[in-house]
Amino acid sequence: MKKAILLIFLLTVLFSSTNAQQQQIIALQVGEEVTFFNNLDSAIIAAPQGAEIYLPPGIFQHNTNLLIDKRLNIYGVGHYLVSTYTMMRTVIAGDIKYVTGSDSSVIAGVYCDNISFGTSAADDALSNILIQRCNANNINLGLSTNPPVSSSIFIQECVVRGSLNGYNAENCVISKSIFNNTVYSFSYLSVSNSVFLGNYYIYYNQYYCPIYSVNSSLIQNNIFKYSGNQAIHTSVTNSAFLNNLFVQNLTNFSGNSNVNNIVSVSTSLIFVNQSGTTFSYDHNYHLVDDSPGKNAGNDGTDIGIYGTDEPYKELGIPFTPRIMEFKLRPQGNTIQLNTSVEAQER
């Protein structure tokens, strides 16, 4: 299977490179059969249930009105900007909307606009969707807070430039992600090893807070850089805060469980290189050597995105092979191709 993915990926990048001034080539895989497209929406329309779409580096226009109503896995090359051509990021321009029928879909390794569920309360309750190693603006897991609601949504190693609205989603898991704004409206949520940078604003209630309207949840090993007066809002109830790091000098956890949290930490004792309240690719989110968050997670590893035995993956590269070298040399009527590929374990 890995060999098949590698071949598809190489062919996609090869065709995109040799036709860089003309078109970008997208691979659609169904079982062992592969078809190539030069338009993302055409690939989505042609894809049957359970298909996989591989996107090379580049910007791909997407019609927001084109709904994803089937199980579909979409893989880019990552959302980080890297200097060499073959490692440029994959960008999807246009909101991505999932509706009924798309349960168990995956989207990974892309920089995109908004990711949202549903066009109405009739088609917005989805489950088992994985959003991994993406940089998205807002993520909305529904359109209505009334049952049925979305459940078992997994957000792993992502950057969320805007906010994450669960619309009362249940049993969701957030891990090793970075948030500029608020995470809100969840029940039975797990948030671990993530970073909340400090620009938190729930516009319609005039609240500034990193987590809002969350209940019966587990919040552990996270960094809360917010220094205002509502680091834990009263709308967070029946939840447990374990081994988190706070800049604010918290004395009140609003009635929630408080175990091994570290408070009143100077910002100079957190990240190697970070400033402001928004994510930047120029920043370094590793902990400084003398940070109190070092090895302070409940598993004995660092608090934040570089904790656990599988920390945040550098450059946000998905599991697809990473091309380290890609050189084309025209020789008469033939083209010589030299490649160096790094396999991905995860």
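Residue numbering note: each chain is counted from 1, following its sequence as written. Per-residue local features of the predicted model are confined to residues with pLDDT of at least 70, and side-chain atom pairs are confined, for both listing and counting, to 80 or more; whole-chain, interface and lining totals are unaffected and use all residues. Note that the side-chain values use all heavy atoms of the structure and ignore hydrogens as well as water.

## Considering the side chain of Ser 175
Helix and strand assignments come from DSSP, with helices taken as H or I runs of at least 4 residues and strands as E runs of at least 2, each series counted from the N terminus. By the secondary structure assignment, Ser 175 is in strand β17 (residues 173-175). Filtering out sequence-adjacent residues up to four positions away, Ser 175 remains in contact with Ile 155, Gln 156, Glu 157, Ser 192 and Ser 194. Contacts are residue-level and defined by heavy atoms, with any inter-residue pair within 4.5 Å sufficient.

## Notes on the pairing of strand β3 (residues 51-54)
Accessible area is worked out with a 1.4 Å probe on protein chains only. A residue is then buried under 20% of its type maximum, exposed over 50%, and partly exposed in between. Every second residue of β3 is oriented toward a common face, with Ala 51 and Ile 53 on one face and Glu 52 and Tyr 54 on the other, all of them buried. The pairing criterion is simple: DSSP has to find at least two bridges between the two strands. Pairing between strand β1 (residues 26-30) and β3: three bridges, direction antiparallel. Bridge pairing in β3 places Gln 29 opposite Glu 52. Sheet topology places β3 next to strand β5 (residues 72-75); four bridges connect them, and they run parallel. Bridge pairing in β5 places Tyr 54 opposite Tyr 75.

## Some words on the pairing of β5
Of the two faces of β5, both are covered, the one formed by Leu 72 and Ile 74 as well as the one formed by Asn 73 and Tyr 75. Note: β5 against strand β8 (residues 106-108), three bridges, orientation parallel. Its bridge partner being in β8, Ile 74 is matched across the sheet by Ile 107.

## Quick word on unusual backbone geometry
The residue after Pro 147, namely Pro 148, is reached through a cis peptide bond having omega -5°. When you line up the elements, Pro 148 lands in the loop between β13 (139-140) and β14 (154-156). The backbone of Ser 264 sits at a positive phi, close to 55°, despite the residue not being glycine. You can see Ser 264 is positioned in the loop between β27 (257-259) and β28 (271-273).

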